[in-house]
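# Summary of structural features
What follows is each chain in one-letter form.
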Amino acid sequence: MLPDPIWIKAVLKALVLPPTGLLLVAAIGVGILGRWPRVGRALAGSAILLLLALSTPVVATLLLRALDSSSAFDPEQGKSAQAIVILGGGTRRNAPEYDGDTLGRLTLERVRYGARVAKLTGLPVLVAGGSVYGGATEASLMREALEIEYGVRVQWAEDRSRTTHENAVNAGGILRSAGVGRIVLVAHGFDMPRARGEFAAAGIETIPAPTGIPGRELDLPLDLLPGIGGLQASYY
């Protein structure tokens, strides 16, 4: 039996993206010091310096801005849309304080902002996200949070997808059958270009409503200091 592509992708992401990818490069550099000292030092030193740079908020912010330059959602834009789609971004499995599965941090941020957009526009809501690694689906947890905690009714729930591509294909089918061809898309800014491309390929026009938009002002000198927050943003 062939391995699940989702698991292969997860392993490759863990090995390639920071910090693991750069730590592996540094380890290789240390490993070849005896035979090729100059190359080894260059590899190890460069990997460590790059890891430190990626850990600074200022570098992370520049990366995020380069990836997506969408501005904050303007409710006036929503007048031409027919629905809101909120994309899942992961769950927390077996959370003790919730006695079961609950929304991951990224999904919760999207749900909270999606609720705001829904209240500003009055548009019907579709939540999208299946169960990537087992447990409750993202869509079911998103629906529960929106309806119970935020007072926003969910019109449709797409709960079979495990990737952004599948989000767009499956949600696109639901939307087209309901006569919807233009949506307000809620996701993080770093996911927005890819998500909009997938929905365009599925025949759905999108108005971006990004959350997690990096600030325009730098908090110097703290933004020049390495930290886990900067590294996580660079990872995204």
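Each remark here, short or long, concerns the structure printed above.
Residues numbered from 1 in each chain as written. Predicted model: local features only at pLDDT ≥ 70, side-chain atom pairs only at ≥ 80, totals over all residues. Heavy atoms only, no water.

## Digging into the overall build of the protein
A tally of regular secondary structure across the protein gives nine helices and seven strands. Structurally, the protein occupies a C-alpha span of about 65 × 50 × 40 Å along its principal axes. For the protein, with 236 residues in total, the buried portion stands at 41%. When the accessible surface of the protein is summed, it comes to about 12900 Å², and 59% of that surface belongs to carbon and sulfur atoms. Each charge class in the protein was averaged separately, 23 positive and 21 negative side chains, and the resulting centres sit 6 Å apart. (Helix = DSSP H or I, 4+ residues; strand = E, 2+ residues; numbered from the N terminus. Buried < 20%, exposed > 50% of the residue type's maximum accessible area, 1.4 Å probe, protein only. Areas by Shrake-Rupley, 256 points an atom, 1.4 Å probe, with all protein chains shown as cover. Lys, Arg positive; Asp, Glu negative; His and termini not counted. Charge placed at Lys NZ, Arg CZ, Asp CG, Glu CD.)

## Some points on helix α6 (residues 138–149)
The end-to-end C-alpha separation of α6 is 16 Å, in line with the 16 Å expected for 12 residues at 1.5 Å each. What α6 keeps buried is the set Glu138, Ala139, Leu141, Met142, Ala145 and Leu146. Looking straight down α6, one finds its buried side chains confined to an arc of 165°; they lie on one side. Of the residues trailing α6, glycine 151 is marked for its positive phi of about 70°. (Expected span 1.5 Å × (residues − 1). Arc of directions from axis to C-beta.)

## Describing the nonpolar core
In globular proteins that are soluble, nonpolar side chains generally tend to be buried together. Counting 24 residues, the largest nonpolar core has Ile84, Ile86, Val125, Val127, Leu146 and Val184 as its most contacted members. Secondary-structure elements contributing two or more residues to this core are β1 (83–87), α5 (105–121), β4 (125–128), α6, β6 (182–188) and β7 (205–211). With near-sequence residues (within four places) excluded, isoleucine 86 lies in contact with Arg110, Val111, Gly114, Val125, Leu126, Val127, Ala128, Met142, Leu146 and Val186. Counting 18 residues, the second largest nonpolar core, distinct from the first, contains Ala83, Ala168, Leu185 and Ile204. (Core = buried A, V, L, I, M, F, W, Y, C linked by side-chain atoms within 4.5 Å. Contact = heavy atoms within 4.5 Å.)

## A look at unusual backbone geometry
The amide bond that connects proline 18 to the next residue, proline 19, takes the cis arrangement and shows omega of 5°. Mapped onto the elements, proline 19 comes out in the loop between α1 (5–16) and α2 (20–31). Even without glycine at this site, asparagine 94 takes up a positive phi of about 55°. The topology assignment puts asparagine 94 in strand β2 (residues 91–95). For asparagine 94, a relative accessible area of 57% corresponds to the exposed category. Even without glycine at this site, aspartate 99 takes up a positive phi of about 55°. Secondary-structure assignment places aspartate 99 in the loop between β2 and β3 (100–103). The exposure class assigned to aspartate 99 is exposed, which follows from its relative accessible area of 74%.

## Some words on empty space enclosed by the protein
By the definition in use, this model includes one cavity of 30 Å³ or more. Taken as a whole, the largest cavity encloses approximately 60 Å³ of empty space. Along its surface, the largest cavity is lined by Leu64, Asp68, Ser70, Gly189, Phe190, Gly212, Ile213 and Pro214. Across the lining of the largest cavity, the residue classes break down as four nonpolar, three polar and one charged. (1 Å grid on protein atoms, 1.4 Å probe; cavity = no way out; pocket = protein on both sides within 12 Å on 5 of 7 lines; lining within 4 Å. Points joined across faces, edges and corners; volume = space filled by probe spheres on them. Nonpolar A, V, L, I, M, F, W, Y, C, P; charged D, E, K, R; others polar.)

## Considerations on the layout of surface pockets
Roughly 1100 Å³ of internal volume is contained in the largest pocket. Lys13, Gly89, Gly90, Leu106 and Tyr133 are the residues nearest the centre of the largest pocket, which is lined by 35 residues in total. Of all the secondary structure elements, the ones that give two or more residues to the lining of the largest pocket are α1, β2, α5, α7 (164–177) and α9 (228–235). Its volume calculated, the second largest pocket comes out at about 290 Å³. In terms of lining residues, the second largest pocket is bounded by 18 residues, among which Leu64, Gly212, Pro214, Ala233 and Tyr236 are the most central.

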